[in-house]
Amino acid sequence: MSRGLGDVYKRQEETSAGTMKGENVSKYKITEIEHPKYPWLHRIQALIDVNEKVPKGTIGGFVDSITNLSQGGGSWIYDDAICCEGGLVREEAEIYDDSMVRGTAVVAGKARIYNHAVAKDSCYISSGEIKDDAVIAGKAIIGSLCLQKPLISGDSRVYGMVQGNVHVNGNIFSWEKIEANTQDTPVSYTHLRAHETL
């Protein structure tokens, strides 16, 4: 799945248009509260009830610009999480703790990113949970398959495609595609690094 120039324009329209065409309601504003280490990043504040966890007035995480968090949907940046550069959090996606979205990474759908996890480069995450110190990078694609969502944890480094009921705790290289649409137990995938043994 490649994203072209049309997707860039669509992103710009979505983030600047408000919640619906014809409405000028903003979901949040960027405050004057600077990040203690990166002063060009500022906290956000909800201007409306965004979702059940984010009532009007809630202070959120950090952004670089208004294009980092969609004005539509229930998406939100919590705690000390950061979305910067050309990164985008949209739809119902949420990032928590000290997680980060950067580069031109897109976190969409009902995806959740926790702990110290990072989404960077041109990756696209539309579903599932990314946590611990996992890094999703390159042109990785993370998504659901038959309503089953992946879990990526530990020190995972994912550059390929992961879809469905999969628990990844290892590396997925750019040429790898891991899919599972099982309804029961998630498929566990651990790709050992060269210096590791069972």
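Draft legend 1. Inspection of the overall build of the chain at higher detail. The helix and strand tally for the chain stands at one helix and 22 strands. For the chain, buried positions account for 46% of its 198 residues. Contacts spanning at least 24 positions in sequence make up 17% of the contacts within the chain whose residues lie at least 6 apart. Total accessible area on the chain stands at roughly 10,200 Å², and carbon and sulfur atoms take up 51% of it.

Draft legend 2. Representation of the sheet that holds strand E2 (residues 42–46) within the structure. With mixed pairing, nine strands are arranged side by side in an open sheet as E1-E2-E3-E5-E8-E11-E14-E17-E20. Where the open sheet ends on each side, the last strands, each with one partner, are strand E1 (28–34) and strand E20 (171–172). Looking at chain direction, E1 and E2 are connected through four bridges and run antiparallel. Looking across to E2, one finds that Tyr28 is bridged to Ala46.

Draft legend 3. Structural context of the sheet that holds strand E6 (residues 88–89). Pairing in this open sheet of six strands is parallel, and the strands run E6-E9-E12-E15-E18-E21 from one edge to the other. Taken across any chain shown, the strands that pair with only one partner, and hence form the sheet edges, are E6 and strand E21 (177–180).

Draft legend 4. Highlighting the state of the cysteines. For the structure shown, the criterion picks out zero disulfides. Cysteine Cys83 shares no disulfide, and the gap to the nearest cysteine sulfur, in Cys84, comes to 6.7 Å.

Draft legend 5. Structural detail: the pairing of strand E18 (residues 161–164). Two strands pair when backbone bridges link them, and strand E15 (residues 141–143) and E18 are joined in this way by three bridges, in the parallel orientation. In the strand pairing of E18, Ile142 is matched with Val162. Bridging between E18 and E21 involves four bridges; their strand directions are parallel. Across the sheet, residue Val162 finds its bridge partner in E21, namely Ile178.

Draft legend 6. Inspection of the side chain of His42 at higher detail. Tracing the backbone through its elements, the reader meets His42 in strand E2. The class for His42 is buried, based on a relative accessible area of 17%. Reaching out from His42, the side chain makes a polar contact with the backbone oxygen of Trp40 at a distance of 3.5 Å. Setting aside its immediate chain neighbours within four residues, His42 contacts Ile30, Thr31, Glu32, Ile33, Glu34, Gly61, Phe62 and Val63.

Draft legend 7. Geometry of the packing of aromatic side chains. Overall, the coordinates contain four aromatic pairs when judged by the stated rule. Pairing Tyr38 with Trp40 gives two aromatic rings, centres 5.5 Å apart and planes at 55°, and the pair type is tilted. Owing to a relative accessible area of 51%, Trp40 belongs among the exposed residues under this scheme. Considering the side-chain rings of Tyr96 and Tyr114, the 5.0 Å spacing of their centres and the 10° angle between planes classify their relative orientation as stacked. Of this pair, Tyr96 sits in the loop between strand E7 (94–95) and strand E8 (100–101) while Tyr114 sits in the loop between strand E10 (112–113) and strand E11 (118–119), and the two are 18 residues apart along the sequence. Tyr96 sits in the buried class, given a relative accessible area of 11%. Through a chain of ring-to-ring contacts, the aromatic side chains of Tyr78, Tyr96 and Tyr114 assemble into a single cluster.

Cut-offs applied
- Residues numbered from 1 in each chain as written.
- Predicted model: local features only at pLDDT ≥ 70, side-chain atom pairs only at ≥ 80, totals over all residues.
- Heavy atoms only, no water.
- Helix = DSSP H or I, 4+ residues; strand = E, 2+ residues; numbered from the N terminus.
- Buried < 20%, exposed > 50% of the residue type's maximum accessible area, 1.4 Å probe, protein only.
- Contact = heavy atoms within 4.5 Å.
- Areas by Shrake-Rupley, 256 points an atom, 1.4 Å probe, with all protein chains shown as cover.
- Pairing = 2+ DSSP bridges.
- Disulfide = S-S within 2.5 Å.
- Polar contact = N/O pair within 3.5 Å; in protein donor to acceptor, adjacent residues only side chain to side chain.
- Phe/Tyr/Trp six-rings, centres within 6.5 Å; stacked < 30°, edge-to-face > 60°.

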